[in-house]
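The residues making up each chain are set out below.
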Amino acid sequence: MTADTDEFYLVWNPNGHNPQHRHTSYESAAAEAKRLAEMNRGQSFFVLAALAFAKVRDPVEFTTINRDLIPF
């Protein structure tokens, strides 16, 4: 699997399954979109570029606000 910050592209069909392959170049994704369109005439295949991502970082931060509430 590639690093989070590596550029990648997905090919998506609104009538089909979720994308399964990360293309490392626009050209590769465009070629796949064309190939799939040929096999599925009348359907649209979109080339999507990853622009950003969100991620929860480890370790989880834990903060006790009021120790007086702890019964032991």
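Before going into details, it helps to say that this report is about the structure given with it. (Residues numbered from 1 in each chain as written. Predicted model: local features only at pLDDT ≥ 70, side-chain atom pairs only at ≥ 80, totals over all residues. Heavy atoms only, no water.)

A closer look at the overall build of the protein chain
Alright, step 1. The helix and strand inventory of the protein chain stands at 1 helix and 2 strands.
Alright, step 2. Mapped from its N terminus to its C terminus, the protein chain presents α and β elements in the order β-α-β.
Alright, step 3. For the protein chain, long-range pairs separated by at least 24 residues make up 42% of all intrachain contacts whose partners lie at least 6 apart in sequence.
Alright, step 4. Looking at the protein chain as shown, the accessible area adds up to about 6,600 Å², and 55% of this sits on carbon and sulfur atoms. (Helix = DSSP H or I, 4+ residues; strand = E, 2+ residues; numbered from the N terminus. Contact = heavy atoms within 4.5 Å. Areas by Shrake-Rupley, 256 points an atom, 1.4 Å probe, with all protein chains shown as cover.)

As for the pattern of salt bridges
Two side chains of opposite charge can pair, provided their charged atoms sit close to one another.
Alright, step 1. Tallying each qualifying case throughout the model produces 2 salt bridges.
Alright, step 2. A salt bridge links glutamate 32 to arginine 35, with the nearest nitrogen and oxygen atoms 2.9 Å apart. Highlighted residues: glutamate 32 and arginine 35, both in helix α1 (residues 26-39), separated by 3 residues, approximately one helical turn.
Alright, step 3. Among the salt bridges present, the one from arginine 41 reaches glutamate 38, with a minimum N-O distance of 3.0 Å.
Alright, step 4. Of the residues examined, arginine 41 reaches a relative accessible area of 67% and is grouped as exposed. (Salt bridge = Lys/Arg side-chain N within 4 Å of Asp/Glu carboxyl O. Buried < 20%, exposed > 50% of the residue type's maximum accessible area, 1.4 Å probe, protein only.)

Notes on the packing of aromatic side chains
Alright, step 1. A full pass over the atoms with the stated rule returns 2 aromatic pairs.
Alright, step 2. Where tryptophan 12 meets phenylalanine 46, the ring centres are 5.7 Å apart and the plane angle is 40°; that geometry is what we call tilted. Pair noted here: tryptophan 12 is in strand β1 (residues 9-12) and phenylalanine 46 is in strand β2 (residues 46-49), with a separation of 34 residues, a long-range link.
Alright, step 3. For phenylalanine 46, a relative accessible area of 39% puts it in the partly exposed group.
Alright, step 4. Sitting above the plane of the phenylalanine 8 ring, arginine 22 keeps its charged end 3.7 Å from the centroid. (Phe/Tyr/Trp six-rings, centres within 6.5 Å; stacked < 30°, edge-to-face > 60°. Lys NZ or Arg CZ within 6 Å of the ring centre and 35° of its normal.)

Quick look at a nonpolar patch on the surface
Alright, step 1. On the surface, Trp12, Phe46 and Leu48 cluster together into a nonpolar patch covering about 260 Å² of accessible area.
Alright, step 2. According to the relative accessible area criterion, tryptophan 12 is partly exposed, its value standing at 33%. (Patch = residues over 30% accessible without salt bridge, like charges linked within 9 Å, V, L, I, M, F, W, Y side chains within 5 Å.)

A few points about the nonpolar core
Alright, step 1. If you look at the biggest cluster of nonpolar residues, it comprises 6 residues: Tyr9, Val11, Ala29, Ala33, Leu36 and Phe45.
Alright, step 2. For this core, the secondary-structure elements that each account for two or more residues are β1 and α1. (Core = buried A, V, L, I, M, F, W, Y, C linked by side-chain atoms within 4.5 Å.)

Thoughts on α1
Alright, step 1. With 14 residues, α1 ought to run about 20 Å at 1.5 Å a step, and its terminal C-alpha atoms sit 20 Å apart, in line with that.
Alright, step 2. Burial in α1 covers these residues: Ala29, Ala30, Ala33 and Leu36. For α1, the buried positions fall inside an angular range of 130° around the axis, keeping them on one side. Projecting away from the buried face of α1 at angles above 90 degrees are the exposed residues Glu27, Lys34, Glu38 and Met39.
Alright, step 3. Of the surrounding elements, those touching the buried residues of α1 are β1 and β2. (Expected span 1.5 Å × (residues − 1). Arc of directions from axis to C-beta.)

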